[in-house]
Amino acid sequence: AQTVTQSQPEMSVQEAETVTLSCTYDTSESDYYLFWYKQPPSRQMILVIRQEAYKQQNATENRFSVNFQKAAKSFSLKISDSQLGDAAMYFCAYRSAWSGNQFYFGTGTSLTVIP
Amino acid sequence: DTEVTQTPKHLVMGMTNKKSLKCEQHMGHRAMYWYKQKAKKPPELMFVYSYEKLSINESVPSRFSPECPNSSLLNLHLHALQPEDSALYLCASSRSGPSYNEQFFGPGTRLTVL
C-alpha cells in the first residue's frame, strides 16, 4: 500500500502571511493523482487542490498552489495571503490512476491562523 | 448537484441497539466509500463499493454491515457497537476507474455509543 506522510502535525501562520504544508509519499507507480483536502472544525471535508502526476506544471487555485516534485515524491501546499477561514485540518491524499478506487491519506496538519 | 448527503447528523445509541446510517449522492458516481474518523485524525477507510459491489473491506468488524441498494444510495447498518466505535462516520463518492477523480465527502454522522 502507498504511504503518505505529513511531518507537521501543527502549523500556525499570521493572517495575510504565507505558509507551506509538507507532504511526501511513497509509491512505485508512475501514474497517480495527489490531492489536498481541507476540513474546518466541525465542518465538511472539501477539496482544495489536485495534481496529476504526469503534469509537470504545478496546480494553482487562487491563493492555493502546490510544489510538486515527482522525483522527490513531494507535494507541498502553499497558502498565500492566509485568512482566518483557512484554519482547518489539511490532509494530503494519494490515488493510483490504475489500481482501484482507494485513496490514501496523510496524518494531517492542523493549521492555525493568528489574527 | 455536487453534494453528498448523510443522515442522521448525530446519533446516540446503546450497545444493544440496531441503527443505520444513510448516504446519498446524485452525481452519477459509481464508487462510494465509508470512512471512520476520530478527532484530529485522518479518515480510516472501512468499505468501498464500486458499481454497487463491495470491492474493499478493510477488515472491519462484523458489527458494521454495509449495503449499497442502488447507484445513489449507501447504507451502514450498525449492531452491538462498542464505545470505541464512537466517531464521525464519513461517506464519500467518486467516479470509478482511471481518471482524474476526486472524492466528494458528506458532512458525516457523529456517532456516540453509550
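Quick note: structure is the one above.
The text that follows walks through the structure, step by step, so that each part is easy to find.

Below, the discussion takes up the overall build of chain B. Helices and strands together make up the secondary structure of chain B, namely zero helices and eleven strands. Ordered by position from the N terminus, the helices and strands of chain B form the series β-β-β-β-β-β-β-β-β-β-β. Compactness check: chain B gives a C-alpha radius of gyration of 13 Å against a globular reference of 13 Å for 114 residues, within 12% of the reference. With the principal axes as the frame, chain B shows a C-alpha extent of 40 × 25 × 20 Å.

To continue, consider the pairing of strand S4 (residues 31–37) of chain B. Residues and elements named next belong to chain B. The buried fraction of S4 is high, at seven of seven residues. Of the two faces of S4, both are covered, the one formed by Ala31, Tyr33, Tyr35 and Gln37 as well as the one formed by Met32, Trp34 and Lys36. Examined bridge by bridge, S4 and strand S5 (residues 44–50) share six bridges and lie antiparallel to one another. In the sheet register, Lys36 faces S5, and the bridge partner there is Glu44. Following S4, the chain reverses through six residues before pairing antiparallel with S5; Lys40 in that reversal takes a positive phi of roughly 65 degrees. Bridging between S4 and strand S9 (residues 87–94) involves seven bridges; their strand directions are antiparallel. The residue of S9 that forms the bridge with Met32 is Ser93.

A few words now on the layout of surface pockets. By volume, the largest pocket amounts to about 480 Å³. As for the largest pocket, its lining consists of 23 residues, and the residues nearest its centre are A:Pro40, A:Pro41, A:Ser42, A:Arg43 and B:Arg110. When contributions to the lining of the largest pocket are tallied by element, the ones reaching two or more residues are strand S10 (88–96) and strand S12 (109–114) of chain A. The greatest single-element share of the lining of the largest pocket, amounting to three residues, is contributed by S12(A). Here the lining of the largest pocket is built from residues that sort into nine nonpolar, eight polar and six charged.

Residue-level contacts link 22 residues of chain A with 29 residues of chain B. Counting the surface lost from both chain A and chain B, the interface buries some 2,000 Å², and carbon and sulfur atoms represent 54% of this. Here chain A is connected to chain B by one salt bridge. Linking B:Glu102 and A:Arg50 is a salt bridge whose minimum nitrogen-to-oxygen distance equals 2.8 Å. There are nine residue pairs in polar contact (both at pLDDT 80 or more) connecting chain A and chain B. Put simply, the parts of the chain that give the side of chain A that touches chain B at least two residues each are strand S5 (32–39), strand S6 (46–52), S10 and strand S11 (103–105) of chain A.

What follows is about the state of the cysteines. Residue and element names in this part refer to chain A. Across all of its chains, the model carries two disulfides over all chains by this definition. Between Cys23 and Cys92 runs a disulfide, and the two sulfur atoms are separated by 2.0 Å. Measuring the twist about the S-S bond at about -70 degrees, one finds the Cys23-Cys92 disulfide to be left-handed. In this pair, Cys23 is assigned in the loop between strand S3 (19–21) and strand S4 (24–26) and Cys92 in strand S10, connecting sequence segments 69 residues apart. Comparing Cys23 with Cys92, the two get one shared label, buried.

With that out of the way, let us pick up the sheet that holds strand S7 (residues 64–70) of chain B. Residues and elements named next belong to chain B. The strand order across the open sheet formed by four strands is S1-S3-S8-S7, and the pairing between neighbours is antiparallel. Whereas interior strands pair on both sides, the edge strands pair on one side only; in this sheet they are strand S1 (4–7) and S7. Strand-to-strand twist across the sheet, computed as the mean angle between neighbouring axes with direction ignored, equals 20 degrees. Where strand S3 (residues 18–25) lies against strand S8 (residues 73–79), seven bridges are found, and the strand directions are antiparallel. Each bridged residue has a counterpart across the sheet, and for Lys22 the counterpart in S8 is Asn75.

Core analysis: the biggest nonpolar cluster contains 26 residues, and A:Tyr25, A:Trp36, A:Phe75, A:Leu77 and A:Tyr90 have the highest contact counts within it. Top element by residues in this core is S10(A). It accounts for four residues.

With that settled, the discussion passes to the packing of aromatic side chains. To describe a pair of aromatic rings, you give the distance between the ring centres and the angle between the ring planes. Scanning all chains against the criterion turns up 16 aromatic pairs over all chains. Note on A:Tyr25 and A:Tyr94: the rings are 6.1 Å apart at their centroids and 40 degrees apart in plane angle, and the pair reads as tilted. Of the two residues, A:Tyr25 sits in strand S4 while A:Tyr94 sits in strand S10, which places them 69 residues apart along the sequence. A relative accessible area of 5% means that A:Tyr25 is categorised as buried. Centroid distance A:Tyr37 to B:Phe105: 5.5 Å. Interplanar angle 85 degrees. Geometry classified as edge-to-face. Here the residue A:Tyr37 occupies a position in strand S5, and B:Phe105 occupies one in strand S10 (residues 104–105), the pair thus bridging two chains. Each member of the pair A:Tyr37 and B:Phe105 is classed as buried. Members of the aromatic cluster, each reached through a chain of ring pairs, are A:Phe35, A:Tyr37, A:Phe103, A:Phe105, B:Tyr33, B:Tyr35 and B:Phe105.

Rules used throughout
- Residues numbered from 1 in each chain as written.
- Chains lettered and ligands numbered in written order.
- Predicted model: local features only at pLDDT ≥ 70, side-chain atom pairs only at ≥ 80, totals over all residues.
- Heavy atoms only, no water.
- Helix = DSSP H or I, 4+ residues; strand = E, 2+ residues; numbered from the N terminus.
- Rg over C-alpha atoms; globule rule 2.2 N^0.38 Å.
- Buried < 20%, exposed > 50% of the residue type's maximum accessible area, 1.4 Å probe, protein only.
- Pairing = 2+ DSSP bridges.
- 1 Å grid on protein atoms, 1.4 Å probe; cavity = no way out; pocket = protein on both sides within 12 Å on 5 of 7 lines; lining within 4 Å.
- Points joined across faces, edges and corners; volume = space filled by probe spheres on them.
- Nonpolar A, V, L, I, M, F, W, Y, C, P; charged D, E, K, R; others polar.
- Contact = heavy atoms within 4.5 Å.
- Buried area = accessible area lost by both parts, 1.4 Å probe.
- Salt bridge = Lys/Arg side-chain N within 4 Å of Asp/Glu carboxyl O.
- Polar contact = N/O pair within 3.5 Å; in protein donor to acceptor, adjacent residues only side chain to side chain.
- Disulfide = S-S within 2.5 Å.
- Axes fitted to C-alpha atoms, helices over the stretch in contact; angles between N-to-C directions.
- Core = buried A, V, L, I, M, F, W, Y, C linked by side-chain atoms within 4.5 Å.
- Phe/Tyr/Trp six-rings, centres within 6.5 Å; stacked < 30°, edge-to-face > 60°.

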